[in-house]
Amino acid sequence: GIITMSLSAQKSFLPIKVKHKWTFIEADGENKIDSTRQYDYIGDINLPWWGKENTQSNFYLVENGGKLGLVNTVFESIISPEWEEIHPIDNNHFLVSDDGYYTLIDSSQQNLLPDHKYETVRVTDEEEMELFMVKKEGKWGVHKRYGLQTVSPSYYDMEYLAVREGLFKIKKSKRDTN
């Protein structure tokens, strides 16, 4: 017998500059210009996953008015350009910075650390990336990905110990040598 296979065609887009703005042209033979999405800049490399060197996230930076956003590999808008800095954590979670402070948002742009903005956020080495070390007013603490602050920022220094999930080595003050 004859075996037939049907592959769904994935849309293909190419960036194009029109009147000083970047947009996309659908490369399906009809070459339709998408004027609904226009940016000052479109990044040309896949961003790495945050905290994981030499990786590709399948997200590209876009910029409008000095603010950054993200599009995916088919150039669908994932995060609108509202941020000074963006780092993809996984397909649904992003570390973002505005006014020099960091927080976490999801793909619907909901703030996962409500009422918390941090000077620095560090990823732990755990596989699921559920815990983050956060620095506020010069002190370190721990925050869970989905909004629960588990250790308020009150320590001089903090290090994640990969021996067991949720285990940290802390220094209470500058003089602490342990």
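As the structure is a prediction and not an experimental result, all values here were calculated from the model. (Residues numbered from 1 in each chain as written. Predicted model: local features only at pLDDT ≥ 70, side-chain atom pairs only at ≥ 80, totals over all residues. Heavy atoms only, no water.)

Next up on the list: the sheet that holds strand E9 (residues 93–98). Ordered by their spatial adjacency, 3 strands build an open sheet running E8-E9-E10, and the pairing between neighbours is antiparallel. Whereas interior strands pair on both sides, the edge strands pair on one side only; in this sheet they are strand E8 (85–90) and strand E10 (101–106). If you compare each strand with its neighbour and ignore which way they point, the axes differ by 25° on average. Bridging between E8 and E9 involves 5 bridges; their strand directions are antiparallel. Directly across from Glu-85, in E9, lies its bridge partner Ser-97. (Pairing = 2+ DSSP bridges. Helix = DSSP H or I, 4+ residues; strand = E, 2+ residues; numbered from the N terminus. Axes fitted to C-alpha atoms, helices over the stretch in contact; angles between N-to-C directions.)

Another aspect to go through is the packing of aromatic side chains. For the coordinates displayed, the defined rule picks out 3 aromatic pairs. The interplanar angle of 85° and the centroid separation of 6.1 Å between the aromatic rings of Trp-49 and Phe-59 together place this pair among those described as edge-to-face. With Trp-49 in the loop between strand E4 (41–42) and strand E5 (59–64) and Phe-59 in strand E5, the pair connects residues that are 10 residues apart, well separated along the chain. Phe-59 matches Trp-49 in its accessibility class, with the two residues each being buried. Ring geometry for Phe-59 against Phe-94: centres 5.4 Å apart, planes inclined by 80°, an arrangement best described as edge-to-face. Taken together, the residues span a long stretch of sequence, with Phe-59 in strand E5 and Phe-94 in strand E9 at a distance of 35 residues. Site record: aromatic cluster; members linked through ring pairs are Trp-49, Phe-59 and Phe-94. Positioned over the ring face of Tyr-118 is Lys-136, at 5.9 Å from the centre of the ring. (Phe/Tyr/Trp six-rings, centres within 6.5 Å; stacked < 30°, edge-to-face > 60°. Buried < 20%, exposed > 50% of the residue type's maximum accessible area, 1.4 Å probe, protein only. Lys NZ or Arg CZ within 6 Å of the ring centre and 35° of its normal.)

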